[in-house]
Amino acid sequence: MYFKSLTLSGFKSFGKTTVFEFPSRITSVVGPNGSGKSNVVEAIRWVLGEQSIKSLRGKKGEDLIFNGSDKAARLGKAEVKLIFDNSKKQFPYEFDEVIISRRVIRDGTNEYLLNGSQVRLKDIFQLLSTVGFGSTQHHIISQGEVDRILWASSRDRQEMIEEALGLKEYHLKKREAERRLGETENNLRQIDAQIRELRPHLKYLGAQAEKMKAVEEYRVDLHEKARLYASRESIFLAEIANNSVRERDPLEDESRTKSAHIKELANEIARAEKSFSGLVVKDAVKLKLTELDDRRRMLERELGRVEGLLSAGVGSKDSDVSVKVIIGELRDTLFFVKEIADKDSFEALKSGISDIKMRLEKLLRLSVGERDSVGDLSLEKKKHEMASELHEIEMSVADLHAQREETGSVREDTLRELREREHDIRTEERELESIRTKLRALDFDGEKYKARNIELANFIRDLKIDGSSLLDIEPFEGDSDRAQLMRQIERLRIRLEEAGGIDGSIVKEYEDSKSRDEFLTGELRDINSAATQLKALMRELDQQLHEKFSEGLKNINEEFSALFRSVFGGGKAKLTYVAPSVNDAGEVIDGGIEIELDVPRKRLRSLDMLSGGERALTSVALLFAMSTVNPPPFLVLDETDAALDEANSQRYGDLLEQLAKKTQLIIVTHNRHTMQRAGVLYGVTMSGDGISRVISLKLEEAKEFASEG
Ligand code: ATP
């Protein structure tokens, strides 16, 4: 038993709160026309979420609220409350009762409550679907709608059958899976597009990052090689500096010694030269000797002439003699001039010219009258004077010769000594030069290595080598060794310079893009597998639906056929599934359930040809067949028996009783056969105030409301 009670407050004709209890498997509602019985059925449909006001015989929500009458005021609100028994927990709900309420207020406000809490319509539907109560509401048959299933399109009929078979759930699941698959495929496309957009960039970044990695390797390699170079070079230069000091010191000592010695020798030479130049001064002796010699020769000639004159008796005052004397003097002077002209010494020329001057003065005197004095001169005296002068000259010459001889030997000694010293000094100077050459070579080397030291310092600075990181290592073995390493370093530097354009942030960007790509690829994989799972689920659901539908349809057909035959006393009734198809125009033709009937003794071409009673019987047979195969929690039937004759009413009653074993029935009826089967009978009446009222009836009382059937 599902339905426990139904309370109507202000709903349509129920202007006063009215409660229906449902303690029996079959509850019948009876009463005169227009008393409000159908309003009860509509109240049930409405509280369960009916959205079509039209199907509730209204235009708007307000039409469901008690509108008042001459004797009763209209109300502002309609409320219906349906209490389900949930002691067996058919609803997945902890309470023993599930109370669904719906109310509408005149301003149009419409609300649902579940056990007193306001909920959404969706929540109500979700709850009802758990007990197989779906939106087709095939188990609430309103008045005049008993043959709804016959008139319905084959597609709608299929839906009703599926709902009756409890397959709605599979459809919902399938629809949900379809929706999720749609979303998934949408995601798939989006992610695929993102990946496709990212990939070329990632490829570019990858190549760049690869380059950066190579650059990093170059950098490390360069740093290592540079460190090695700096280490080996600095040790090499340090050794060179040490060696240079070691070589230079003795050379400098030697150079100093040699220089001092040379200075000493030079001093000696200077001294010797000085004394030698002193000896040169004494060469005046030689000049004097020449002078004396000249004078002597002149005196000897004069003496000879005087003696000649004396011997010729000259000494008289005779003018002829004087002329002869002058002529003789002139001849002598001429001779003397000739002699002097041959002289090559300036001093000799000078003294000669002075003699010539004296002679010429003497001649002048002789010629202008000093002849007397000359003539007065005693030749003898002159001879004597000249002789003594000659003697004196010879004495002086002898003296000078002796002096000269002595000076000569000293001079030779000095010269020899000078030459020896000069030889020594040259030797020393040569040696000093060789030392200096060596020192210059060392200087040159020093300059060279100074340059290399500067180069090294620049190298260490430029390549940012930590001085303390230098290795204790063998120096370069040779220049080729060093040059080779330097070439490698240069090559690395060039490579680094060439690669210099790459932005360092690219590696980070690459890593980010890569992980994004991996993430997206993972997503894609997950979504793909989700899509695969969803497709599998849909296939599975399709499969189950197909199986359950085929089986259900088969079972319904068995029941339907049997019921139909029992109602019509023979014939055939069958539901056939027609799959959707595509017509020639390429349009999809809905599939669904077709009904095939074969009424005994009649040839039917269409359902339209059935009488009202036959339609009602066929519908009821189908409805009961459906409800038998998969019993709904309840079945509400509003005058589905209206068109039945006495015999069929009897059969209808039997069917009800059978059906009631499986499902709870709430039946609005005027049929006494039907009333007889009810456990509880409610009579609905309406008095002059236009308000429907309910009373419990005994069967006999109820029969008063029965129509003649
Ligand atoms: P029948 O046996 O002829 O089918 P019934 O008992 O099913 O009749 P209903 O159709 O349920 O009768 O009730 C119709 C009555 O409800 C009418 O008298 C109508 O005036 C009344 N009614 C409908 N809506 C309202 C409303 N909003 N306010 C007041 N009364 C209403």
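Please refer to the structure higher up on the page.
Keep in mind that this is a model prediction, so the values were computed, not measured.

**Student:** What is the right way to look at helix H2 (residues 121-129) in this model?
**Tutor:** Buried within H2 we find Leu121, Ile124, Leu127 and Leu128. One face of H2 carries all of its buried residues, which in axial projection span an arc of 125 degrees. Turned more than 90 degrees away from the buried face of H2, the exposed residues are Lys122 and Gln126. Those residues of H2 hidden inside the fold are in contact with strand S4 (77-85), strand S5 (97-105), strand S6 (110-114) and strand S7 (117-119).

**Student:** Explanation requested: the site of the ligand in the structure shown.
**Tutor:** The immediate surroundings of the ligand are formed by 19 residues, with Asn33, Gly34, Lys37, Ser38 and Asn67 found nearest. Gly34 is positioned with one of its backbone polar atoms (N or O) 2.6 Å from an oxygen atom of the ligand. Between Asp63 and the ligand, the recorded distance is 3.1 Å, taken from a backbone N or O atom to a nitrogen atom. Here the ligand loses 75% of its free accessible area of 650 Å² to cover by the protein chains. When residues of the shell around the ligand are assigned to their parent elements, the largest contribution, three residues, is made by helix H1 (residues 37-47). Broken down by class, the residue content of the shell around the ligand amounts to four nonpolar, ten polar and five charged.

**Student:** Explain a negative patch on the surface here, please?
**Tutor:** Negative charge collects at one region of the surface, where Glu239, Asp472, Glu474 and Glu477 lie side by side. Structurally, the position occupied by Glu474 is in the loop between helix H9 (379-462) and helix H10 (479-498).

**Student:** Please clarify how the environment of Lys174 should be interpreted in this entry.
**Tutor:** Along the chain, Lys174 turns up in helix H5 (residues 168-281). Taking the relative accessible area as the measure of exposure, Lys174 reaches 18% and is therefore buried. In the structure, Lys174 is positioned 32 residues away from Gly206 in sequence and 44 Å away in space, judged by C-alpha atoms. When residues no more than four places from it in sequence are discounted, the contact partners of Lys174 are Met538, Leu541, Asp542 and Leu545.

**Student:** Whenever I open this one, the sheet that holds strand S15 (residues 680-686) confuses me. Can you help?
**Tutor:** Picture the strands of a sheet paired through backbone hydrogen bonds; they go either parallel or antiparallel. Overall, mixed pairing links the six strands, which are arranged S8-S13-S14-S3-S15-S16 in an open sheet. Taken across any chain shown, the strands that pair with only one partner, and hence form the sheet edges, are strand S8 (140-141) and strand S16 (692-696). Both S15 and S16 contribute to a ladder of five bridges, which runs antiparallel. Each residue of the ladder has a partner; that of Val684, found in S16, is Val694. The strands touched by helix H13 (residues 646-660) within the sheet are strand S3 (26-30), strand S13 (634-638) and strand S14 (664-668), with S14 carrying the most contacts at an inclination of about 145 degrees.

**Student:** Please clarify how the pattern of salt bridges should be interpreted in this entry.
**Tutor:** Any two side chains of opposite charge can pair, given that their charged atoms come close. Counted by the stated rule, this structure contains 55 salt bridges. In this structure, Glu233 and Arg482 form a salt bridge, with 3.1 Å as the shortest nitrogen-oxygen distance. Of the two residues, Glu233 sits in helix H5 while Arg482 sits in helix H10, which places them 249 residues apart along the sequence. One salt bridge connects Arg295 with Glu389, and the closest N-O pair in it is separated by 2.8 Å. Remark: Glu389 occurs in helix H9 and Arg295 occurs in helix H6 (residues 284-311); sequence separation between them is 94 residues. By relative accessible area, which is 26% here, Glu389 ends up partly exposed. By sharing partners, the salt bridges in this structure join Glu233, Arg452, Glu455, Asp479 and Arg482 into a single network.

**Student:** Any chance you could explain the pairing of S13 here in plain terms?
**Tutor:** Taken residue by residue, a regular strand's side chains alternate between the two faces of the sheet. For S13, a buried count of five out of five residues is recorded, marking the element as mostly surrounded by other parts of the structure. With burial as the criterion, each face of S13 is covered, one bearing Phe634, Val636 and Asp638 and the other bearing Leu635 and Leu637. Where the polypeptide runs from S13 across H13 and back to S14, its parallel neighbour, the crossover connection is right-handed.

**Student:** Is there a simple way to explain the sheet that holds strand S1 (residues 3-9) in this structure?
**Tutor:** One open sheet holds the six strands; their spatial order is S2-S1-S4-S5-S6-S7, and the pairing between them is antiparallel. Looking at the sheet topology across the chains shown, the edges are occupied by strand S2 (18-21) and S7. Put simply, the sheet's adjacent strands are angled 20 degrees from each other on average, direction ignored. Where S4 and S5 come together, nine bridges link them in antiparallel fashion.

**Student:** What should I look at first to understand the packing of helix H12 (residues 612-629) against H13 in this one?
**Tutor:** Two packed helices can be described by the angle between their axes and the distance between those axes. Packing of H12 against H13 leaves a shortest axis separation of 11 Å and a crossing angle of 10 degrees. What the angle tells us is that H12 and H13 run roughly parallel. Mapping the contact onto sequence places Leu617, Val620, Phe624, Ser627 and Thr628 in H12 and Asn648, Tyr652, Leu655, Leu656 and Leu659 in H13. Among the residues making up the contact of H12 with H13, the classes are represented as seven nonpolar, three polar and no charged.

Calculation rules
- Residues numbered from 1 in each chain as written.
- Predicted model: local features only at pLDDT ≥ 70, side-chain atom pairs only at ≥ 80, totals over all residues.
- Heavy atoms only, no water.
- Buried < 20%, exposed > 50% of the residue type's maximum accessible area, 1.4 Å probe, protein only.
- Helix = DSSP H or I, 4+ residues; strand = E, 2+ residues; numbered from the N terminus.
- Arc of directions from axis to C-beta.
- Contact = heavy atoms within 4.5 Å.
- Near = heavy atom within 4 Å.
- Polar contact = N/O pair within 3.5 Å; in protein donor to acceptor, adjacent residues only side chain to side chain.
- Areas by Shrake-Rupley, 256 points an atom, 1.4 Å probe, with all protein chains shown as cover.
- Nonpolar A, V, L, I, M, F, W, Y, C, P; charged D, E, K, R; others polar.
- Patch = residues over 30% accessible without salt bridge, like charges linked within 9 Å, V, L, I, M, F, W, Y side chains within 5 Å.
- Salt bridge = Lys/Arg side-chain N within 4 Å of Asp/Glu carboxyl O.
- Lys, Arg positive; Asp, Glu negative; His and termini not counted.
- Charge placed at Lys NZ, Arg CZ, Asp CG, Glu CD.
- Pairing = 2+ DSSP bridges.
- Axes fitted to C-alpha atoms, helices over the stretch in contact; angles between N-to-C directions.
- Right-handed = clockwise from strand over helix to strand, strands pointing away.
- Parallel < 35°, antiparallel > 145°, perpendicular 65-115°, else oblique.

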